[in-house]
Structures are given as structure tokens and as C-alpha cells.
Amino acid sequence: MTRTHWAAIAAVVLALLFAGAATVASAGDGGGPRTPASDSADAGFARDMSLHHQQAVEMSFIIRDRTKDEGIRRLAYDIANTQANQRGMMLGWLDLWGLPVTTTGSEPMAWMSRGGGDHSGHSGQQSAGEGSLMPGMATKAQLERLGTLSGKAAEVEFLQLMIVHHNGGVAMAEGCVRLCTVAPEKQLAQGMVDAQRSEVELMVDLLKERGAQVRT
């Protein structure tokens, strides 16, 4: 599975580099696609999913130090490496477009709302007041709790949080597939949908092995 993930990442990296260069080059000569606007779905998704991925990497590093189970540690390693690389792609994309990584005066997920998407009711989503800004993101309190657990209890907590996190990420990526205009970015988003759905299935099975259920 790891080899397949890395092959897919390498292919997307090349696609992003070529498409990004073409986008920047054409922006100044009046031909071809234009650089996306700062308030576009393309830019909004890149910003929001970069932050979303950052938390997944953080959770993966936490569980790595809280369990000795090789299956969980391997899953966490795959998630951390895949999402760290994808995050790098999206931040690089914003840099190629000459757009800021963060914006002021714009709520997270505003790009999806403008496109008619509904990001208010995904399973496991916490309100912004509880410390969560996007679908599936864990709150500060949940991350702190994960860091206090060990062994099976930590594994169950990690799996429950990451399933919700992945489901939220899938909803966001589906929004980009629907609304983004840069073809390679849509391709990257579809790849996220497919890979994270597969990992959710795996994590559900791992939860069952531990006598636990998906958190709703």
C-alpha cells in the first residue's frame, strides 16, 4: 500500500509542477488559463485543506509515541507522510499563484459555501467555539486527551478521531472536485477522496478488532 501511495504522490507532484508553471506563464500573456483569484475555490481549498492536513499529521505523530502496535504505527506513518506531502503541494501551489497562505476577513470553508455546498452538518464536526474550524477537525481538548492516553485506549481514540477527520476531509475534497477549476488540483482532490475513503474502511476494521465503534 505504501508503494502505491508514493507512486500516486509522485505523479501528482509532477502534474502540479507542470500545470503550475503553465498557469503562471500564461497569466501574463493573455492566453490559456488565468491564475485563480484569492477568493476562488481553488485557493480556498488549498488553504483550508493545508490546515486540515496539518492536524492529521499532528495526530499521527501523537499516536506514534503512545502505542507500540505496529499496525497503528504504520497507518499513522502513511497518513503523516501522505498528508505532509500533499500539504506541501497545496502550499507550493499558492506560492506559484502568488496568493497568500492565509486571508483575513474570510471564514474557513467560505469557498464551498459560495459554490452552494453545505459544510455545516458533517459527522463529528465540532463548532468553531469548541476549537474546530472545518469538517472533521478535532478540538484542542480532544488532541490533549489523545496525548494523555496510551496503548489500546490511545489507539481507539486515534482511530475514532481520524475517521471523523477523514470523513470531513472527503467532504471538503469532494467540494473541490465539484468547484475547483484547475484540473490537476481537481485530480489531487479526487485522489484524496479515494485514498481517505479506503483508509476509513481500514480504520473501521481496526476499531472492530479493538471492540470499539465509530464515533458519531
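Basis of the calculations
- Residues numbered from 1 in each chain as written.
- Predicted model: local features only at pLDDT ≥ 70, side-chain atom pairs only at ≥ 80, totals over all residues.
- Heavy atoms only, no water.
- 1 Å grid on protein atoms, 1.4 Å probe; cavity = no way out; pocket = protein on both sides within 12 Å on 5 of 7 lines; lining within 4 Å.
- Points joined across faces, edges and corners; volume = space filled by probe spheres on them.
- Helix = DSSP H or I, 4+ residues; strand = E, 2+ residues; numbered from the N terminus.
- Expected span 1.5 Å × (residues − 1).
- Buried < 20%, exposed > 50% of the residue type's maximum accessible area, 1.4 Å probe, protein only.
- Axes fitted to C-alpha atoms, helices over the stretch in contact; angles between N-to-C directions.
- Left-handed = near helix turned anticlockwise from the far one by under 90°.
- Contact = heavy atoms within 4.5 Å.
- Nonpolar A, V, L, I, M, F, W, Y, C, P; charged D, E, K, R; others polar.
- Salt bridge = Lys/Arg side-chain N within 4 Å of Asp/Glu carboxyl O.
- Core = buried A, V, L, I, M, F, W, Y, C linked by side-chain atoms within 4.5 Å.

## Looking at the layout of surface pockets
1) Next: When its volume is computed, the largest pocket comes out at roughly 390 Å³.
2) Next: The wall of the largest pocket is formed by 22 residues, among which Arg 47, Asp 48, Val 101, Thr 102 and Thr 103 lie closest to the centre.
3) Next: Where the lining of the largest pocket is concerned, the elements lending two or more residues are α2 (41-64), α3 (70-97) and α4 (110-114).
4) Next: With 6 residues, the single largest contributor to the lining of the largest pocket is α2.

## A short note on helix α7 (residues 183-209)
1) Next: Between its first and last C-alpha, α7 extends 40 Å over 27 residues, near the 39 Å set by a 1.5 Å rise per residue.
2) Next: Buried residues of α7: Pro 184, Glu 185, Leu 188, Ala 189, Met 192, Val 193, Gln 196, Glu 199, Val 200, Met 203, Leu 206 and Leu 207, and no others.
3) Next: Backbone geometry just after α7 places Gly 211 at a positive phi near 70°.

## Points about the packing of α3 against helix α6 (residues 151-179)
Working note: a packed helix pair is described by the angle between its axes plus the distance between those axes.
1) Next: Contact pair α3 / α6: the axes reach a minimum separation of 12 Å and the direction vectors enclose 35°. As α3 packs across α6, the resulting crossing turns out to be left-handed. Only Glu 155, Phe 158, Leu 159, Met 162 and His 166 of α6 make contact with α3, whose side of the interface consists of Ile 72, Leu 75, Ala 76, Ile 79 and Gln 83.
2) Next: Across the contact of α3 with α6, the residue classes tally to 7 nonpolar, 2 polar and 1 charged.

## Regarding the pattern of salt bridges
1) Next: Within this structure, the stated rule accounts for 7 salt bridges.
2) Next: Across the pair Arg 145 and Glu 157 runs a salt bridge, and its minimum N-O distance is 3.6 Å. In this pair, Arg 145 is assigned in helix α5 (residues 140-146) and Glu 157 in helix α6, connecting sequence segments 12 residues apart.
3) Next: Residue classification places Glu 157 among the buried residues on the basis of a relative accessible area of 5%.

## With respect to the nonpolar core
1) Next: Core analysis: the biggest nonpolar cluster contains 26 residues, and Phe 45, Met 49, Met 90, Ala 173 and Met 192 have the highest contact counts within it.
2) Next: For this core, the secondary structure elements donating two or more residues are α2, α3, α4, α6 and α7.
3) Next: Beyond its immediate stretch of four places on either side in the chain, Ala 173 contacts Phe 45, Met 49, Ala 189, Met 192 and Val 193.
4) Next: Counting 24 residues, the second-largest nonpolar core is a separate cluster that includes Met 59, Leu 75, Ala 76 and Leu 143.

## Side note on unusual backbone geometry
1) Next: The phi angle at Met 109 is positive, at roughly 75°, despite the residue not being glycine.
2) Next: Following the sequence through the fold, Met 109 ends up in the loop between α3 and α4.
3) Next: A residue is classified by how much of its surface remains accessible, and Met 109, at 0% relative accessible area, is buried.

## Comments concerning empty space enclosed by the protein
1) Next: A full pass over the atoms with the stated rule returns 1 cavity of 30 Å³ or more.
2) Next: Its volume calculated, the largest cavity comes out at about 70 Å³.
3) Next: The element best represented in the lining of the largest cavity is α7, accounting for 5 residues.
4) Next: Its residues assigned to classes, the lining of the largest cavity shows 3 nonpolar, 6 polar and 1 charged.

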